[in-house]
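Observations on chain architecture
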Amino acid sequence: MKPQIAELLSAALDQLKHAAVLPADVQPRIQVDNTRDKTHGDLATNLAMMLAKPAGKNPRELAQLLVDALPRSSLVQKVEIAGPGFINFYLSEESTSSLVRAVLEAKDQYGRSNEGAGRKVQVEFVSANPTGPLHIGHGRGAAVGDCMCRLLEATGWDVTREFYYNDAGQQINNLALSVQARCKGLTPDDASWPEDGYRGDYIKDLAESFMRGDTVSSEDQSFTGTQDADDLEGIRHFAVAYLRNEQDLDLKAFGVDFDVYFLESSLYTDGKVEAAVEKLTANGHTYEDGGALWLRTTDFGDDKDRVMRKTDGGYTYFVPDVAYHLDKWQRGFVRVINEQGADHHSTITRVRAGLQGLDVGIPQGWPDYVLHQMVTVMRGGEEVKISKRAGSYVTLRDLIDEVGRDATRYFLAARKADGQLTFDIDLARSQSSDNPVYYIQYAHARVCSIFRKLAEAGQTWELETGLDALSALTLDSEKELMVKLGRYPEVVRNAANNNEPHLVSNFLRELAGDFHTWYNAEKTLVDETDLRNGRLTLAEAIRQVLANGLDLLGVSAPQEM
RNA sequence: GCGCCCGUAGCUCAACAGGAUAGAGCAUCGGCCUUCUAAGCCGAGGGUUGCAGGUUCGAGCCCUGCCGGGCGCGCCA
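Just so we're clear, the structure is a prediction, and the values are computed from it rather than from any experiment.

Reading the values: the criteria
Residues numbered from 1 in each chain as written. Chains lettered and ligands numbered in written order. Predicted model: local features only at pLDDT ≥ 70, side-chain atom pairs only at ≥ 80, totals over all residues. Heavy atoms only, no water. Axes fitted to C-alpha atoms, helices over the stretch in contact; angles between N-to-C directions. Helix = DSSP H or I, 4+ residues; strand = E, 2+ residues; numbered from the N terminus. Parallel < 35°, antiparallel > 145°, perpendicular 65-115°, else oblique. Left-handed = near helix turned anticlockwise from the far one by under 90°. Contact = heavy atoms within 4.5 Å. Salt bridge = Lys/Arg side-chain N within 4 Å of Asp/Glu carboxyl O. Buried < 20%, exposed > 50% of the residue type's maximum accessible area, 1.4 Å probe, protein only. Phe/Tyr/Trp six-rings, centres within 6.5 Å; stacked < 30°, edge-to-face > 60°. Lys NZ or Arg CZ within 6 Å of the ring centre and 35° of its normal.

Here helix 11 (residues 318-330) crosses helix 12 (residues 346-358) at 55 degrees, and the two axes come no closer than 9 Å. Between helix 11 and helix 12, the angle is such that the two are oblique. The two elements helix 11 and helix 12 cross, and the hand of that crossing is right-handed. Counted together, Phe 318, Asp 321, Val 322, His 325 and Leu 326 of helix 11 and Arg 350, Val 351, Gly 354, Leu 355 and Leu 358 of helix 12 form the full contact between these two elements.

Given below as C-alpha cells:
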C-alpha cells in the first residue's frame, strides 16, 4: 500500500511545484512509514517536514497545502495533519479488503517478488573444516545463511548455496595424524599424542570405523577403511570422507541443502591458485622479501602487506581464497554473499585486495559479507561448554536432538547476525508460552482448528463470498490485522535486501500476537453468516501469511499441536 | 596499541532509510477455561537507550571523545 500512497504524494508534489509553492528542482525521497500508534492512522509521511526549508514555509502549513493538492483516492478514507507536520493516512475499507484479497489470491506466492529478476547470486555459508562435527556456531551460520537464501529466492534471485571445504591445509594432516594415533591405541593423554592433534571422542569413533574397514561416502567421494594403521594417506582420505558425511547428515537433519560443495584442493589440482598468483605478479602487485612472496595489500586499504607464498613454498590460506572468489566471479555471480563467523573478518580486506589486484573488473566492495558473532549456550542458568562427542564445544547435532529442528533454526535465525547470541536450551525446548516458535506455530494451528470445527458443524467457507463478507468486519482489531498482512511483502523485501532474516521472525511474532488477542476476544464461528464468513476469511489470510513466513525460516507450520 | 562488532527494562532481544509517548518475551505480582486448542488472553510494576559533547525541526540510530564486553591483529586455517 505504501507505493500507492507515495504516488498520491508525488502527484501532490508536482502540483505544488507547478504552482510555484515548491522549487521545481526539489526531488525528495518520498518516505511513507508505518505508524506505530493507531491514533496516527495507518501510514504516515514526513514529507512536509523534509520540504519545509526549501519551501520557506512552516511544516504544518506546507502539510496542509500537500493535503489540499492530494488527488482523490478510494484507497484513503481520511487524511490528517498531526504533530510537527506529519501527514497521516487512514486506509479505506476498500483498500484493507484488497490487502486480504491479495493474500488469498496469491496464496503461497504472497510476499514473493521478482526484484532479483533471475540474476545469479551465490551464498557461501557454513564452510566448516572437515576436521570435526559441526558446532553451534556453524549452526548459526547454517540457519542465517539458509534463511538468506530462502529470502533471495522469494525475491526472484537465482540462488546457489555453496559450501567450501578447506581440505588442503595443515589441519587435514593433523586430523590424519590424530586418527592414526587412535588407530594405534594412543589417547590424547599419551606423551606421544600428536602436537595440535584433535582430541575429541569422534576421532576414536573414526579410527574404529577405519579399522573395521567401513565404507563411507560423501557427495562426491567414497572410501573404504584399509584397516592399516600405517596407511596415513588412506586414513587421510577416509577421515575427510567420514567427517564430510557426518556434517552432511547434520545439515540434512537441520533442513539445509547445498547445491555445490567446493573443495579447496581442487583449486590446486586445477591450477587456479597458481594462475591467480601469476596474474597478481604480472600486474605488479607482488614482491619478494626474505624468501617469501608478498602481496601489496596496502595498495588496497590493508594496514600491512601480506605473505602469499611462504619460505617453505606453501601458500598462505587467503591465496586459494582469492582464487576461489575469482572462480565465483567467472561463474557469473553478480552478487556473492559470504556468511561466516566474525572471527574471520580479517580475511575480508585481503580477499578483496587480491581480487582488485587481479584487475578483471570485479567491483570494489565485492563480495558481500555477513558476519555472525559467537553463540553461547545456557542450560539451567549456566553456560554449557562441553560436548562429550566433540570434547570442547556444543555440537549442532546435540542441539537438534535435544531441542528439535524448528526451535533450533528459529532461535539461531531470529537474532541479528552481528551481536553475540545466547542460546537458552531450557527456553528453546520448553513447550509452553515461553517459547516463541510454538507461539507462532500455535497461531497457525489454531486457524486450522477453526476450519476443522467449521467442517464438523457441517458448514463451509468459500473465497469469493468470504471476501465480500469482509465488509462485516468493523472492529479496529480486525482492520489492524488486515493492515498488518499488507506489510508482509515489504518485510520480505527488507529482509532479503539487507540479509536480515530476523525481520521475518519479528514480524511473525507480532502477527501471531495480534491474532491470539483477536482470537481470544472474538469468536469466529458465530451464527451470523456474513460476520462468520468475514472472520474466516481474515483468519485464513493470517494462516497463509504465517505459513509463508515460517517457510522462509525453514520452520514447519503444523495443522495441529 | 590498532581494526571490526556490540552496549536499550532484572534477563534475552526489537525498533522498518533520522520521526510522534523507545516496544515484545521471560522473570515478578493480580485476574480469565460450562464458549472455535489455556502451547492462549487481559492487567500492573519495571528505562536518563553505557557516559560526555556535536549535527537538526527531530537522535537508540549520524559525527567526535571516553568507559565496558566480544572477536581479530601469524610465513596458522
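Below, the discussion takes up the pattern of salt bridges. Tallied over the full model, the rule gives 30 salt bridges. For Asp 42, the salt bridge goes to Lys 479, with nearest N and O atoms at 3.1 Å. One end of the pair, Asp 42, is in the loop between strand 1 (32-34) and strand 2 (43-45); the other, Lys 479, is in helix 18 (residues 476-498), with 437 residues separating them in the sequence. Since its relative accessible area comes to 11%, Asp 42 is described here as buried. With its nearest N and O atoms 3.0 Å apart, the salt bridge here joins Glu 540 to Arg 543. You can see Glu 540 and its partner Arg 543 sitting in helix 20 (residues 529-553), three residues apart, about one turn around the helix. A single burial state applies to Glu 540 and to Arg 543, both of which are buried. If you follow the salt bridges from partner to partner, you end up with Asp 146, Arg 150, Glu 153, Arg 161, Arg 409 and Asp 551 in one network.

Moving on: the packing of aromatic side chains. Geometry of an aromatic ring pair is reported as the spacing of the ring centres plus the angle between the planes. Taken as a whole and judged by the stated rule, the model has 21 aromatic pairs. When the centroid spacing of 6.2 Å and the interplanar angle of 5 degrees are considered together, the rings of Tyr 287 and Trp 294 count as stacked. Seen from their ring centres, Tyr 488 and Phe 507 are 5.7 Å apart, and the 45 degrees between their planes marks the pair as tilted. Linking Tyr 488 in helix 18 with Phe 507 in helix 19 (residues 502-521), this pair joins segments that are 19 residues apart in sequence. For Tyr 488, a relative accessible area of 1% corresponds to the buried category. Among the aromatic side chains, those forming a connected cluster through ring pairs are Phe 125, Phe 163, Tyr 165, Phe 258 and Tyr 261. Looking at Arg 335, its charged tip hangs above the ring of Trp 157, at a distance of 4.8 Å from the centre. The positively charged end of Arg 409 is found above the aromatic ring belonging to Phe 254, 5.6 Å away from the centroid.

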